[in-house]
Amino acid sequence: QRRRLCHTNRNYTMICSWYEAPIYLFFAPDLPELLYYSHLPAIITALIVGLFVFLNNRESLLNRVLFLIALSFTGWALINLISWTNVDTRILLFTWTFFGVLQALISILSIYFIYVFLTNRPPTIYTKLILLILILPVLLLATTNINVGGFNLDNCDAFDYEGVAFLTYYSFLGVIAILWIAILLISHFRKATIKKRKQIILMGIGIESFLFLFFAMVYLGSIGTIADYYENSNMEFYGMFGMTFFMVMMGILIVRFKTFNVGAHASQALVVALLVLVASQFTYVKTTTSIILTSVTLILTAIAGLIIVRSVKKEIAQREEIEKLAEKLRRANKRLRKLDQMKSEFVSIASHQLRSPLTSIRGYASMLLEGSYGKLNQKAREAIQRIADSSQYMATSVEDYLNVSRIESGNMKYEMMDFNLKEEAEHVADDKRQEAVKKGLLLTFKSDLDTHGIVNADVGKTRQILHNLVNNALKYTPRGTVTVFVHDDKKKKKIYVDVIDSGIGMKKEELEDIFGKFERAHNANQTNVTGTGLGLFVARKMARAMGGEITAYSD
């Protein structure tokens, strides 16, 4: 790439003697300052991130492909360094043939990498076949004259003999990769979750910037040198920075989204990569002041990096502990749901079994009170009446248990139809009036309707809701009145049934709790000790299932 003078030694090895031979293969004097600053940080950053990702999760296909991209880029950057620094023509001619192969590999692996990133699985067999067909010409022709047909012993380079068609083809693979990856990212972005969209944006910016910078700068540098537009191909230096930027994006994905699932070691890799970037400034700083400032910056970066690594380790340990606890809670919650389901099934079976004997008890008690088995004295009638009342209460409780079981299992059926809500509410008030009289309460019915009072719901379930609400009012009203008031709002197209009582009242914070399962107000037992805490729960569940609502207010 540099214009060198050459001579032949005794072993017939062509040596370019215009410049000194490199130390340790890569390091030679009198080279462009940007050479090492562009190559070494990019190589080390790619290797560090790629290696850490691979070693921390070798089973992950995504991690393995990223590591292969890093290796391919590292190989290209190393042979590029050799071509700039070496004076042995045997080494130069040998390494020159690999430029196209490694660039083609970077293109194909990048497409493969994005497929795995987006779908968590390899591409289809047809996609793999297309990728193989695209790279096959490069692999087959790399060692032929179509790639490199000779070597310039005066200039000690192969630019004059490099196949332009071959160079253009493997560079065009980079263009194909850029377009293919863009299409994949856009198509998956539309149907991705918000979290995945953020990852796609970061990944897209990183890999597309890398491919564009790398292929554009390398191609322009090579083709310009071949055509004698440029003295040398140092334009390709700027393509190296694309890899560093790409690895920065991968670092953000690792730390923020745990994309590669590598744990705490990722932070160590990123800190080391940052130190390498800072230290790389020593490749071109010349003044004492610059060296001192770079050294201080490097020390401060190392200290800050150490603090960050410790902080990240601690955070990851806490996060893993939380995840373990969350998993235990999830299993416990699953077990509780199963137990709750078993309990509901048991309650359902037990309730069905209790229904038949209760029906018999209520039937015989009713027949005894009616005199079907002869006239009973007063004490006997009182005893049988208590049996009838208790069996009625037990039957109501059994029905509540059955309803809870049906609601929780999703087996509650609703037969929707049009009916007059005012009439149904009035019938319920009439049915419960005798019970109110026995308690010394006044149960009244009022209405104020601007419409006919027609609603669409399950008439049986609506009647049961009204019964539960009136029962609740009668239970917790020691004295006074209970009023059933039906009214409407034509603008809102709503009909309301208010059950108003002069009962014991509730605290404000209890108004919502009483609609929970087995929930009762704090002072409920002072007035009524027979409540199960299911009536309002069942009523609200039914009302909501039919498009209605139940609320409570208390003075």
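For the structure itself, look to the data block above.
Caption draft 1: Focus on the sheet that holds strand β6 (residues 480–489). Pairing is mixed across the open sheet formed by three strands, whose spatial order is β4-β6-β7. Each edge of the sheet is formed by a strand with only one pairing partner; in this case those strands are β4 (441–448) and β7 (494–501). Taken pair by pair, the neighbouring strands of this sheet meet at an average axis angle of 10 degrees, ignoring direction. Taken together, the eight bridges between β4 and β6 define a ladder with parallel strand orientation. Bridge assignment links Lys446 to a residue of β6, and that residue is Phe485.

Caption draft 2: Representation of the environment of Ile79 within the structure. Inspection of the secondary structure puts Ile79 in helix α2 (residues 61–85). Classification of Ile79 as buried rests on a relative accessible area of 10%. C-alpha of Ile79 to C-alpha of Phe98: the two residues are 19 residues apart in sequence and 8.0 Å apart in space. Not counting residues within four places of it along the chain, the set of residues in contact with Ile79 comprises Thr95, Phe98, Phe99 and Leu102.

Caption draft 3: Inspection of the side chain of Glu208 at higher detail. Tracing the backbone shows Glu208 in helix α7 (residues 194–226). At 14 Å, Arg190 is the nearest oppositely charged side chain to Glu208, a buried residue that forms no salt bridge. In this structure, Glu208 is in contact with Ile178, Ile181 and Ala182, ignoring residues within four places of it in sequence.

Caption draft 4: Main features of the pattern of salt bridges. Tallied over the entire structure, the rule returns ten salt bridges. Between Arg540 and Glu549 there is a salt bridge whose closest N-O contact spans 3.7 Å. Classification of Glu549 as partly exposed rests on a relative accessible area of 47%. When salt bridges with common partners are traced through the structure, they connect Glu512, Arg540, Arg544 and Glu549 into a single cluster.

Caption draft 5: Layout of a nonpolar patch on the surface. Among the surface-exposed residues, Leu129, Leu132, Ile133, Leu136, Leu139 and Leu140 lie close enough to one another that they form a single nonpolar patch of about 570 Å² accessible area. In this structure Leu139 comes out as partly exposed when scored by relative accessible area, which is 43%.

Caption draft 6: Just the packing of aromatic side chains, in detail. Inspection of every chain in the model, using the stated rule, returns 14 aromatic pairs. When the ring of Phe73 is compared with that of Phe210, the centres are 5.9 Å apart and the planes differ by 75 degrees; the resulting orientation is edge-to-face. With Phe73 in helix α2 and Phe210 in helix α7, this residue pair connects regions lying 137 residues apart in the sequence. A single burial state applies to Phe73 and to Phe210, both of which are buried. For the ring pair Phe73 and Phe214, a centre distance of 5.8 Å and an interplane angle of 65 degrees mean the geometry is edge-to-face. Note that Phe73 is positioned in helix α2 and Phe214 in helix α7, a separation of 141 residues in sequence. You can call Phe214 buried: its relative accessible area is 0%. In this structure an aromatic cluster arises from ring pairing among Phe73, Trp76, Trp96, Phe99, Phe159, Phe210, Phe214, Phe215 and Phe246.

Caption draft 7: Representation of the nonpolar core. If you look at the biggest cluster of nonpolar residues, it comprises 81 residues, and the most contacted ones within it are Phe73, Phe113, Phe246 and Met250. Listed by contribution, the elements that provide at least two residues to this core are α1 (34–56), α2, α3 (89–96), α4 (98–119), α5 (125–141), α6 (164–190), α7 and α8 (237–257). At 15 residues, α4 tops the list of elements feeding residues into this core. Counting residues in hydrophobic clusters, the runner-up holds 36 residues, among them Val428, Val459, Leu474 and Val484.

Caption draft 8: Spotlight on the packing of helix α12 (residues 421–438) against helix α13 (residues 459–475). Running from amino to carboxyl end, α12 crosses α13 at an angle of 40 degrees, the nearest separation of the two axes being 10 Å. Comparing their axes, α13 and α12 come out oblique. Note that α12 runs across α13; the crossing there is right-handed. Residues Leu421, Glu424, Ala425, Val428, Asp431, Lys432, Glu435 and Ala436 of α12 form the contact with α13, whose own contacting residues are Val459, Thr462, Arg463, Leu466, His467, Val470, Asn471 and Leu474. A breakdown of the residues in the contact of α12 with α13 according to their chemical character gives eight nonpolar, three polar and five charged.

Caption draft 9: Geometry of the packing of α2 against α3. Relative orientation of the contacting elements α2 and α3 amounts to 145 degrees, with a least axis distance of 10 Å. Here α2 runs over α3; the crossing is left-handed. Contacts from Ile79, Ile82 and Ser83 in α2 reach Ile91, Leu92, Thr95 and Trp96 in α3. For the contact of α2 with α3, the per-class residue count stands at five nonpolar, two polar and no charged.

Caption draft 10: Seen up close, α5. The end-to-end C-alpha separation of α5 is 25 Å, in line with the 24 Å expected for 17 residues at 1.5 Å each. Maximal helix bending in α5 amounts to about 35 degrees, located at Ile135; proline Pro137 follows within four positions. Where α5 is concerned, the buried positions are Thr127, Leu131, Leu134, Ile135 and Val138. On its buried side, α5 packs onto α4 and α6.

Caption draft 11: Examining the pairing of β6 more closely. As judged from the eight bridges shared by β6 and β7, these two strands associate in the antiparallel manner. Across the sheet, residue Phe485 finds its bridge partner in β7, namely Asp498. The antiparallel hairpin formed by β6 and β7 contains four residues in its connecting segment, where Lys493 sits at a positive phi of about 55 degrees.

Calculation criteria
- Residues numbered from 1 in each chain as written.
- Predicted model: local features only at pLDDT ≥ 70, side-chain atom pairs only at ≥ 80, totals over all residues.
- Heavy atoms only, no water.
- Pairing = 2+ DSSP bridges.
- Helix = DSSP H or I, 4+ residues; strand = E, 2+ residues; numbered from the N terminus.
- Axes fitted to C-alpha atoms, helices over the stretch in contact; angles between N-to-C directions.
- Buried < 20%, exposed > 50% of the residue type's maximum accessible area, 1.4 Å probe, protein only.
- Contact = heavy atoms within 4.5 Å.
- Lys, Arg positive; Asp, Glu negative; His and termini not counted.
- Salt bridge = Lys/Arg side-chain N within 4 Å of Asp/Glu carboxyl O.
- Patch = residues over 30% accessible without salt bridge, like charges linked within 9 Å, V, L, I, M, F, W, Y side chains within 5 Å.
- Areas by Shrake-Rupley, 256 points an atom, 1.4 Å probe, with all protein chains shown as cover.
- Phe/Tyr/Trp six-rings, centres within 6.5 Å; stacked < 30°, edge-to-face > 60°.
- Core = buried A, V, L, I, M, F, W, Y, C linked by side-chain atoms within 4.5 Å.
- Parallel < 35°, antiparallel > 145°, perpendicular 65-115°, else oblique.
- Left-handed = near helix turned anticlockwise from the far one by under 90°.
- Nonpolar A, V, L, I, M, F, W, Y, C, P; charged D, E, K, R; others polar.
- Expected span 1.5 Å × (residues − 1).
- Bend = angle between axes of the 7 residues up to and from the residue.

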